[in-house]
Amino acid sequence: MNTNSFKLNKLAATLSVALAAASAPQVVYAQQGADEQVDETITVRGIRGSLMRSMDLKRDSSGIMDAISAEEMGKFPDTNLAESLQRITGVTISRSNGEGSEITVRGFGPHFNLVTLNGRQMPGTGFTRSFNFENLSSEGVSSLEVVKTSRAETPTGGLGATVNIVTPKPLQTKERTISLMAKAIHDSSNVAGDDITPEFAGLYSDTFMDDTFGVAANFSYNRRDFQQQGANIQGWHANVDLPASPSGEVIDNRALDENGEPVKAFMAVDPDTGELVPSAAHFFPKDMNYGYADVQRERINGQVALQYKPTDDMVITADYTGTRATTAVETVGWGIWNNFGGNINGYELDSNGTAIYADIAGDDGSFAISRSTTEVESDSVGLNLDWQLTDSIHVELDVHDSQTKVDNGADKGIGGTAQMILGSDKLVNKVYDYRNGEIPHYWINWENGSQTLNASEIDSNFGQFIHSPGKATVQQAQLDVTWVNGSSGALVELKAGGSFTKQSLSGSNAWSGLRGGPGFNPSFTQILSDDLFTKHGTADFLDQFSGGGDDLSPNYYYTFDLDKVVGLHSAYVTADAVGASNAFSTDPYDPNGNQTTSLVEEETTAVYLQSQWEFELGDYLLEMNAGVRYESTDVVSPSESKLVEEVVWASASEWITRYQGDAQLVSNSGGYDIVLPMLDLKLELTDDLVTRLSVGKSMARPELGYLLGGTSYSGSPKIGARTASGGNTNLKPYQSTNLDLSVEYYYQEDSYLSVGLFAKKVEDWIEGSVTEDTIDGVHDVYQGQRYQSAVAAIEGDGQQADTSAIYDWLIAEGYGDENGAISADPATDPILKWSLSTPLNVEERNVHGAEFAVQHVFGDSGFGTALNFTLVDGDVEYDPYELKVQGVLPGISDSANFQMFYEKDGLSVKATYAWRDAYLIGQGQSQGSAEAPPQFAKSFAQWDMSINYDLTDDITVFFDGVNLNNETEQGYGRFEEQFLFARQYGPRYVVGARIKL
């Protein structure tokens with residue numbers, strides 16, 4: 001099994017490349033039409049053939065480009081496209097559900113990279129520009145091309161890179177191909193689903209009518225059943241109120257100044273001046289929880305391409321690509337919730353002020369189950385006309401209409417995401433402990449005198465139901481005209497064109513609110529019988545982490561039947577029992593909840609001019625590609641949301657925003673024009689040694705969420721998390737001036753070495769700005785006159801003034817309504833202050849780095865290897881000692897990839913290793929404090945293996961092992977001691993066969 005077409009005749013190779021460039025929508029992209037065939041070819045398939053084709057694409061390209069090719073038709077090097085892309089220098093991936101989903105290139109995350117399908121811009125997945133690779137099967141892809149430098153002809157959006165997904169075309173193959181594949185998949189993490197799940201695919205390609213009409217089609221079906229286990233903290237709070245007279249032990253390991261006060265090692269924003277000033281700091285976790293998700297995921301893909309060649313000079317292509325991905329998830333969780341100030345009994349802070357131990361009173365411990373089924377549907381229909389108008393003029397017209405719909409209401413029984421939280425607030429105190437192991441522990445001292453809550457004591461907290469469908473569309477028309485200079489002279493060709501792109505993204509979010517109380521008030525233990533609950537141990541839970549498994553605390557949890565609990569609440573937690581505003585409802589569109597709609601529409605008109613030149617410099621040939629692109633973009637964003645009426649204290653641990661009845665329409669608009677020049681120089685110093693220099697400008701548009709009109713306020717504004725967010729349709733795009741330099745040494749037909757340097761200066765950088773926002777007439781019970789009176793009275797009785805005690809005192813004094821909700825008093829309570837986050841264009845940022853790659857095949861031995869690594873740095877790194885939103889680049893990190901293989905006599909064995917250093921995921925934690933604390937991921941390294949054996953020329957059996965080292969994922973906040981998450985998936989094994997008919 002060995003096939004790649006490498007050319008024996010240099011002139012023939014040059015002509016082939018020129019013809020390919022003339023008939024493709026992108027210079028390096030696979031052509032839509034038919035090429036002249038090279039008579040003298042040798043066919044090499046398999047791993048070596050894939051590496052050779054990728055190397056040829058890299059060498060022949062203009063600018064900096066890397067590629068990955070299928071090992072043969074219908075067989076890509078990895079089981080997932082993102083996993084394959086990480087083999088390319090400078091590309092790293094983020095994972096979802098244990099497999100690659102999105103890419104980061106040279107430190108620039110998913111929304112900085114443009115993904116095209118056969119040169120066409122694709123819509124993002126969800127309310128984002130980011131493309132999710134896990135929804136597209138690799139079986140229908142012939143190659144992936146990653147262009148890292150500017151191209152005038154390329155649609156904009158790829159500041160990090162433009163990734164082009166190339167699918168097979170029948171008139172390129174010109175031979176009948178029928179291939180069938182079947183796999184059996186075993187996820188070692190699976191508990192609730194099937195231990196063996198199927199994947200199968202088929203591919204057909206053929207030509208008719210003397211190779212003037214061709215049909216190519218493929219389909220695939222994949223199902224995975226697996227479990228993700230995790231521990232999680234939703235957010236850390238800086239400088240929370242500490243008790244004046246704590247009842248427990250206090251250990252503070254921070255350095256002290258000459259006055260015995262903690263050293264001011266941090267910089268914080270002065271609320272009066274807005275300037276950064278020295279500050280001491282301490283940090284406490286808002287919660288601690290554990291859980292697992294049983295996931296069943298199905299993916300169906302289909303592609304059809306029809307090509308017709310009415311004349312020797314014209315090819316017409318019509319194609320369709322469709323994907324359906326359905327993910328059903330049932331999550332079980334258990335944990336604690338914390339408030340601070342008078343709730344804190346004792347604590348231990350490390351040298352950075354992070355609480356590694358905390359004894360906290362009040363609030364509750366809970367057990368939760370949630371369920372959702374999300375469907376992602378993507379469809380792309382396109383038409384391409386490829387016409388060699390004359391010997392020197394080539395015309396290409398390409399149009400497509402593509403859309404992606406996302407709906408978490410695919411389960412018609414619940415129509416969205418359902419969550420029920422049960423538990424109890426009958427506790428003495430809770431203890432958080434992260435002084436040992438890789439996972440924090442907690443335990444609760446219950447009022448029953450033990451650290452175990454009995455099933456008979458489990459009460460109702462609340463339920464919530466969410467429906468959030470969305471749709472993204474891209475409609476695009478592109479016209480390209482190429483003129484080839486048939487006479488002598490330095491000018492080789494001119495290429496000009498224009499395009500019109502309309503992109504829209506719409507979404508809505510319906511939230512029922514917290515239904516059924518909330519907060520154990522009143523109690524409903526009587527409707528929850530003991531036999532409803534099943535108690536479990538933690539022996540097999542997070543057992544890959546130190547401190548997991550049987551060592552976990554607590555080492556038990558309860559599960560329950562979600563449908564039964566919902567039914568009981570619907571029957572008993574009625575308006576008569578808890579009032580109309582709190583009555584249990586499974587309707588996300590309940591009038592007591594909140595519903596918003598959002599829409600962003602962009603229309604972009606672009607024109608470009610690009611030229612190819614060749615100059616003789618003594619014995620050397622210098623190739624130059626120079627061009628410029630102009631774009632004009634208009635943005636409109638209408639949105640609907642309800643206005644905030646008031647915020648009530650609904651229970652000791654729950655605060656609820658109440659909204660006015662009718663949604664208000666807000667519409668905003670903006671736009672920008674941009675000019676993007678580019679220059680590529682390529683100099684062949686010898687037949688084997690190539691140098692490149694590229695300069696140019698590229699851009700990435702603002703994240704779609706940043707462009708939304710209107711302001712959204714949290715529906716559950718707990719103390720320390722009163723957050724709001726707003727968009728800005730006048731944002732300018734990120735604009736990067738790029739410089740690339742590389743040296744490439746092709747010392748064998750299948751081996752090379754390359755070294756590259758790159759630098760990016762990004763102007764109009766976008767970062768979030770957090771400001772204080774208020775709403776006229778919306779006041780805050782917290783720290784009001786009545787709240788302070790409660791604290792004084794409770795402490796005067798010699799008791800601890802935690803939030804539970806304060807809430808109970810206010811209720812006893814008659815400040816609650818008939819449902820136990822405490823409204824603010826405008827006469828004595830302060831205006832409620834929200835932390836409003838909005839995006840702004842700020843100053844420039846700089847990123848630079850180096851790339852190294854080597855690919856070597858050891859003669860005819862069958863052995864080969866490939867290695868690459870990337871180093872990235874810049875002034876975009878997060879400073880954990882600044883308590884503010886920072887202008888940083890999420891995703892920036894060093895990375896390395898290694899593969900070694902043996903391929904001979906029908907047997908191929910490949911082992912791959914991928915490593916990514918620690919990196920910033922982003923700023924802001926879901927329950928973090930107002931300064932938007934960071935989320936970091938720890939370094940990650942994974943081993944995979946693939947074994948193929950040809951039983952015959954047409955039948956191959958194979959084995960794939962994914963995550964063989966059982967790597968886990970971990971994340972943290974400002975410091976590693978600020979634990980955020982730990983996730984465990986386990987290895988995945990695949991056996992299968994591929995048949996060619």
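Naming follows an unreviewed UniProt entry, where the protein appears as TonB-dependent receptor of Catenovulum agarivorans DS-2. Turning to the protein, the UniProt record has this under Subcellular location (unreviewed entry): "Cell outer membrane".

> Would you mind going over the overall build of the protein in detail, with residue names and values included?
Scanning the protein for helices and strands turns up eight helices and 53 strands. What you see for the protein is a C-alpha radius of gyration of 30 Å, in line with the 30 Å of a compact globule of 997 residues. Across its three principal directions, the C-alpha atoms of the protein cover 100 × 60 × 55 Å. For the protein, with 997 residues in total, the buried portion stands at 57%. Sequence separation of 24 or more characterises 75% of the internal contacts of the protein that already satisfy a separation of 6 or more.

> Any details on the pairing of strand β32 (residues 594-617)? Residues and values, ideally.
By the bridge criterion, 20 bridges tie strand β29 (residues 491-511) to β32 in an arrangement that is antiparallel. Directly across from S504, in β32, lies its bridge partner E601. Examined bridge by bridge, β32 and strand β33 (residues 620-651) share 19 bridges and lie antiparallel to one another. Its bridge partner being in β33, S611 is matched across the sheet by A626. Taken together, β32 and the strand that follows it, β33, pair antiparallel across an intervening segment of two residues, in which G618 is found at a positive phi of about 65 degrees.

> Kindly report on the side chain of D66, identifying the contributing residues and their values.
Summarising the element assignment, D66 is placed in strand β3 (residues 65-69). Residues within four places of D66 in sequence aside, it is in contact with K58, I88, L144, E145, V146, K148 and Y752.

> Lay out the UniProt feature "domain: TonB-dependent receptor-like beta-barrel" (unreviewed entry) in the protein with the relevant residues and their values.
The UniProt feature table records "domain: TonB-dependent receptor-like beta-barrel" (unreviewed entry) at residues 445-964. The annotated region residues 445-964 carries 7% helix and 54% strand content, and the separation between its end C-alpha atoms amounts to 40 Å.

> Mind laying out the packing of aromatic side chains, listing which residues take part and the relevant values?
Tallied over the entire structure, the rule returns 41 aromatic pairs. Taking the centre distance of 5.0 Å and the plane angle of 40 degrees together, the rings of F266 and Y881 count as tilted. With a gap of 615 residues between them, F266 in strand β15 (residues 266-269) and Y881 in the loop between β43 (863-874) and β44 (882-883) connect regions that are remote in the sequence. Assessed through its relative accessible area of 30%, Y881 is described here as partly exposed. Between the aromatic rings of F367 and Y556, the centroid separation amounts to 6.3 Å while the plane-to-plane angle is 50 degrees, which identifies the pairing as tilted.

> How would you explain empty space enclosed by the protein if you had to name every residue and give the values?
What the second largest cavity holds in volume is close to 410 Å³. Lining the second largest cavity are 28 residues, with L51, A67, R87, Q855 and Q899 positioned closest to its centre. The set of elements that each furnish at least two residues to the lining of the second largest cavity consists of α2 (46-60), β3, β42 (845-857), β43, β45 (895-904) and β46 (907-916). Ranked by residue count, the leading element in the lining of the second largest cavity is α2, at six residues. The residue makeup of the lining of the second largest cavity, split by class, is 13 nonpolar, nine polar and six charged.

> Lay out the pattern of salt bridges with the relevant residues and their values.
Under the counting rule described, the total for this entry stands at 40 salt bridges. A salt bridge links D750 to R48, with the nearest nitrogen and oxygen atoms 2.7 Å apart. Remark: R48 occurs in helix α2 and D750 occurs in the loop between β38 (734-748) and β39 (751-763); sequence separation between them is 702 residues. Among the residues examined, D750 registers a relative accessible area of 4% and is labelled buried. Residue class for R48 comes out buried when judged on its relative accessible area of 19%. Residues participating in the shared-partner salt-bridge network are K58, D66, R106, K148, D740 and E851.

> Tell me about a nonpolar patch on the surface, and name the residues and values.
On the surface, a nonpolar cluster with roughly 710 Å² of combined accessible area is contributed by F208, M209, Y308, I316, L383, L397, V399, L479 and V481. Going through the elements one at a time, β23 (393-407) and β28 (470-484) are the ones with two or more residues in the nonpolar patch. Along the polypeptide, M209 turns up in the loop between β11 (197-208) and β12 (213-232). Its relative accessible area of 54% is what places M209 among the exposed residues.

> Give me the sheet that holds β15: which residues, what numbers.
Reading across the sheet, the three strands line up as β16-β15-β44 and stay open at both edges, with mixed pairing between neighbours. The open sheet is flanked by β16 (276-279) and β44, the only strands paired with a single partner. Summarising the sheet, β15 and β16 pair through four bridges and their orientation is antiparallel. When the sheet's bridge partners are listed, A268 is paired in β16 with V277.

> So what's going on with a negative patch on the surface? Residues and values would help.
Residues D540, D543, D550 and D551 make up a contiguous surface patch of negative charge. For D543, the position within the fold is in the loop between β30 (533-537) and β31 (556-560). The class for D543 is partly exposed, based on a relative accessible area of 38%.

Conventions we followed
Residues numbered from 1 in each chain as written. Predicted model: local features only at pLDDT ≥ 70, side-chain atom pairs only at ≥ 80, totals over all residues. Heavy atoms only, no water. UniProt positions renumbered as here; feature names shortened; annotations may be inferred. Helix = DSSP H or I, 4+ residues; strand = E, 2+ residues; numbered from the N terminus. Rg over C-alpha atoms; globule rule 2.2 N^0.38 Å. Buried < 20%, exposed > 50% of the residue type's maximum accessible area, 1.4 Å probe, protein only. Contact = heavy atoms within 4.5 Å. Pairing = 2+ DSSP bridges. Phe/Tyr/Trp six-rings, centres within 6.5 Å; stacked < 30°, edge-to-face > 60°. 1 Å grid on protein atoms, 1.4 Å probe; cavity = no way out; pocket = protein on both sides within 12 Å on 5 of 7 lines; lining within 4 Å. Points joined across faces, edges and corners; volume = space filled by probe spheres on them. Nonpolar A, V, L, I, M, F, W, Y, C, P; charged D, E, K, R; others polar. Salt bridge = Lys/Arg side-chain N within 4 Å of Asp/Glu carboxyl O. Patch = residues over 30% accessible without salt bridge, like charges linked within 9 Å, V, L, I, M, F, W, Y side chains within 5 Å. Areas by Shrake-Rupley, 256 points an atom, 1.4 Å probe, with all protein chains shown as cover. Lys, Arg positive; Asp, Glu negative; His and termini not counted. Charge placed at Lys NZ, Arg CZ, Asp CG, Glu CD.

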